[in-house]
Amino acid sequence: MPILFDDGKKLFTIHTANTTYQFMAGPYGFLLHLYYGKRIENQDMSYLIINRDRGFSGNPYDAGCDRTFSLDTLPLEYPAAGTGDFRTCAASVINPDGSLVLDPRYSGYTIHKGKYSLKGLPALYEEQEGEAETLAVTLLDSVCGLEIQLLYGVFAEKDIITRAVIFTNRGSNTIRLTKALSLNVDFLYGEFDFVHFHGRHNMERQFERIPLMQGTQSISSNRGTSSHQHNPGIILCGKNTGEDHGDCYGFNLVYSGNFSARAEVDQTGQTRVSMGMDYEGFCFSLGEGESFTSPEAVMCHSSRGFAALSHRFHRVYRHNLCRGRYQFGPRPVLVNNWEATYFNFDGQKLIQIAAKAAKLGIDMLVMDDGWFGGRNCDNSSLGDWFVNEKKLGMSLKTLAEEVNKRGLKFGLWLEPEMISEDSDLYRKNPRWVILPPDRRPVRSRNQLVLDMSQEQVRNYLFERICAILDSANIEYVKWDMNRSINGWYSPSLSAERQGELPHRYMLGLYELLEKLTKKYPHIMFEGCSGGGGRFDPGMLHYHPQIWCSDNTDAVARLKIQYGTSFFYPASTVGSHVSAVPNHQNGRTTPLKTRCITALPGSFGYELDITALDAEEVQTVSFWTAQYKKLQPLIYEGLYYRLLSPFEPHGISAWQFVSPDKSCTLLCTAASDVQANPQNLRIALKGLDANKTYFCNDRSYTGAALMHGGFVLPGFAGDYPAEMLYFES
Ligand code: DGJ
């Protein structure tokens with residue numbers, strides 16, 4: 001039984017294979033958090049709580065003259081605003097009388113088999129019946145009548161606990177919810193480092209590790225997407241935690257919109273972690289009987305360092321989050337025409353690319369932006385989802401058939417959430433965009449954003465996209481989204497409900513994606529937002545892979561993919577080989593290096609393959625074949641980060657190990673080569689010590705590879721890379 005309840009003590013204990021999470025309904029019905037970490041058996045952890053009289057930390061009325069009982073210093077399971085806890089709260093309201101106090105107390109619980117689901121929101125699901133259990137703990141503010149249900153989904157064997165919260169107005173007057181976080185964890189002790197993944201367009205998910213300071217460290221997005229700038233995943237770890245040792249806690253939000261994640265060190269040295277939807281401007285009205293459901297947060301603890309933490313996230317995302325025919329693979333190797341042609345193509349050019357691709361072993365051609373409306377540059381036509389047959393010189397059906405005849409699948413780019421002012425759709429429906437009345441829009445890439453909260457907008461998009469997808473043999477869709485959202489206003493919402501729009505946008509988008517992915521199960525959807533601007537678990541529920549970054553430079557990708565790997569499995573990472581000099585930063589790297597650095601993901605090409613010379617043709621054919629052979633190992637194997645691209649030695653190394661440890665793939669790439677370099681040893685990981693592995697006609701025991709390792713040969717030249725495959 002992963003979820004235990006001690007009725008006498010009102011103590012909730014959640015066990016996973018290697019972790020324990022515990023909290024209790026304490027005095028006066030306040031929920032006190034007690035422990036999260038390595039598994040502990042048969043122990044009430046409340047002995048850790050020390051009550052002290054601390055000045056300026058007040059006491060609830062119920063505590064009478066006990067000045068040691070303060071919500072300002074106690075570890076709380078789900079802190080609410082206005083009750084004398086002055087740290088970051090998880091929920092806040094504006095009451096019907098305008099006051100801001102929310103005082104929820106324990107009122108009951110249920111435990112049931114199976115994993116809860118969340119209406120209209122992506123969430124982890126059970127891979128097999130009976131795999132998960134749900135604990136629902138109910139709190140009630142008896143004055144305003146707000147009920148708060150804390151949900152815990154427990155994937156015991158996978159060491160994963162999910163969190164979500166449902167707020168229901170049991171009173172008769174409208175309550176305005178102004179903060180509704182998904183998760184709060186109060187650590188009673190510990191000095192933590194804070195790991196997060198920041199960035200920008202063309203440079204997403206850059207790893208940063210900083211010590212927590214007294215006060216708050218936070219990351220967030222208010223861009224309407226999870227964003228290039230901050231990924232909705234943070235890790236708290238001990239000072240000495242590394243890849244293979246030490247405690248770490250991962251928190252990741254299953255949501256693709258505005259979010260906030262923070263860690264606050266309080267006056268007593270406790271650390272509070274909170275995560276959920278961003279609350280700046282958020283205001284959701286709940287009338288009598290109405291509910292609001294928060295997105296889901298996923299949490300995991302590892303006492304064996306970052307590698308084990310990543311393995312657990314990778315596993316649960318592949319098995320319990322991604323869905324559909326392409327969830328596990330095999331997936332096609334594709335060639336996308338974006339960097340090959342940009343807007344300058346016609347059907348014949350694409351057919352030429354397909355013909356050449358077939359000879360190289362590539363499986364699919366993707367026609368990117370520019371095939372619809374009057375779109376010949378990025379200033380027009382978004383929303384006019386009608387095929388530009390004049391430009392293509394043929395119908396979509398014919399183009400797909402010609403591509404298919406050459407032995408390739410055919411895929412298509414779409415950017416459904418956007419609209420150009422220069423489009424028939426905008427001329428006809430100017431009120432379909434997100435824009436307050438009487439104000440001028442902020443343009444970004446010269447495009448505006450459709451109001452996905454409006455049903456008629458979603459219906460239009462569904463009808464148009466279905467018409468396109470039904471018109472030809474389309475087996476792949478790249479779902480793009482190319483701007484941040486501001487100036488939130490929807491004509492379909494009343495003035496007091498405008499603060500609901502960012503979330504209603506997401507609900508509308510998820511609804512449309514759900515309908516389309518259900519209707520077209522044979523189509524592989526790839527997410528994209530100017531590369532990896534919406535690379536989050538929410539999107540992975542609909543797209544099993546996401547275009548990792550618009551930056552296709554092999555060296556820059558080392559850092560981007562390194563950061564991405566902490567939460568997201570390689571199978572979710574769209575990674576392509578592109579031309580040199582690279583179109584984003586002008587760097588020239590060898591083709592072999594570009595291929596090796598694109599391998600740890602869902603591999604493809606993004607260059608004009610009709611222009612390759614004879615040697616390049618051989619190289620591309622070779623690496624396409626290599627990738628196809630290795631895809632099962634890359635998708636299903638355990639991923640190890642061996643050398644970080646953020647270290648000064650300038651060498652990156654990573655490794656995949658098959659689940660049965662029978663083979664492993666070691667890749668290294670140099671972003672900085674040095675004359676007379678110092679010896680740099682790489683120790684492999686995760687092998688069977690007693691197995692003998694063969695590589696290039698030599699044999700090595702697993703123990704030798706893991707403990708003796710390799711001393712890297714001195715790399716020379718511009719940006720070299722090597723790959724070694726070992727088989728037992
Ligand atoms: C941004 C994407 O990330 C690119 O790959 C490409 O599809 C362009 N949009 C097309 O406009």
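Before any of the text, the structure's been laid out above.
Predicted model only: the values in this text are computed from it and were never measured.

Definitions and cut-offs
- Residues numbered from 1 in each chain as written.
- Predicted model: local features only at pLDDT ≥ 70, side-chain atom pairs only at ≥ 80, totals over all residues.
- Heavy atoms only, no water.
- Helix = DSSP H or I, 4+ residues; strand = E, 2+ residues; numbered from the N terminus.
- Rg over C-alpha atoms; globule rule 2.2 N^0.38 Å.
- Buried < 20%, exposed > 50% of the residue type's maximum accessible area, 1.4 Å probe, protein only.
- Contact = heavy atoms within 4.5 Å.
- 1 Å grid on protein atoms, 1.4 Å probe; cavity = no way out; pocket = protein on both sides within 12 Å on 5 of 7 lines; lining within 4 Å.
- Points joined across faces, edges and corners; volume = space filled by probe spheres on them.
- Pairing = 2+ DSSP bridges.
- Axes fitted to C-alpha atoms, helices over the stretch in contact; angles between N-to-C directions.
- Phe/Tyr/Trp six-rings, centres within 6.5 Å; stacked < 30°, edge-to-face > 60°.
- Lys NZ or Arg CZ within 6 Å of the ring centre and 35° of its normal.
- Near = heavy atom within 4 Å.
- Polar contact = N/O pair within 3.5 Å; in protein donor to acceptor, adjacent residues only side chain to side chain.
- Areas by Shrake-Rupley, 256 points an atom, 1.4 Å probe, with all protein chains shown as cover.
- Sits in = over half its atoms within 2 Å of the grid points.
- Nonpolar A, V, L, I, M, F, W, Y, C, P; charged D, E, K, R; others polar.

1. Focus on the overall build of the protein chain
At step 1: From N to C terminus, the protein chain includes 13 helices and 39 strands.
At step 2: Computed over its C-alpha atoms, the radius of gyration of the protein chain comes to 27 Å, within 12% of the 27 Å expected for a compact globule of 728 residues.
At step 3: With respect to the principal axes defined by its C-alpha atoms, the protein chain has extents near 85 × 70 × 45 Å.
At step 4: Looking at the protein chain as a whole, 62% of its 728 residues qualify as buried.
At step 5: Looking at the protein chain alone, contacts between residues at least 24 apart form 69% of all its contacts between residues at least 6 apart.

2. Description of the layout of surface pockets
At step 1: Of the voids in this model, the largest pocket is the one considered here, and its volume is about 640 Å³.
At step 2: A308, H311, R312, R315 and L638 are, among the 32 residues lining the largest pocket, the residues nearest its centre.
At step 3: Listed by contribution, the elements that provide at least two residues to the lining of the largest pocket are α1 (305–320), α12 (614–636), β32 (638–643) and β33 (651–657).
At step 4: The element contributing the most residues to the lining of the largest pocket is α1, with eight residues.

3. Topic: the sheet that holds strand β1 (residues 3–6)
Within a sheet, neighbouring strands are paired by backbone hydrogen bonds and run either parallel or antiparallel to one another.
At step 1: Taken together, the four strands give an open sheet; going across it, the order is β1-β2-β3-β4, and neighbouring strands pair in antiparallel fashion. Strands with a single pairing partner mark the edges of an open sheet, and in this sheet they are β1 and β4 (31–38). The sheet shows a mean angle of 15 degrees between the axes of neighbouring strands, direction not considered.
At step 2: Bridging between strand β3 (residues 19–25) and β4 involves seven bridges; their strand directions are antiparallel. Bridge pairing in β4 links T20 to G37.

4. What about the packing of aromatic side chains?
At step 1: In the structure shown here, the tally under the stated rule is 52 aromatic pairs.
At step 2: Grouping aromatic residues by their ring pairs yields a cluster made of F5, F12, Y21, F23, Y36, Y106, Y109, Y152, F187, F192 and Y249.
At step 3: Over the ring of F462 we find K515; its NZ or CZ atom is 4.2 Å from the centre of that ring.

5. What to know about the site of the ligand
At step 1: The local shell around the ligand holds 13 residues, among which D368, D369, K478, D480 and D550 are the closest.
At step 2: W547 is positioned such that a nitrogen or oxygen atom in its side chain is 3.4 Å from an oxygen atom of the ligand.
At step 3: Its free accessible area being 290 Å², the ligand has 98% of it covered by the protein chains.
At step 4: Among the cavities detected, the one that contains the ligand is the second largest pocket.
At step 5: Across the shell around the ligand, the residue classes break down as four nonpolar, three polar and six charged.

Remember, this is a structural readout, not a statement about activity or role.
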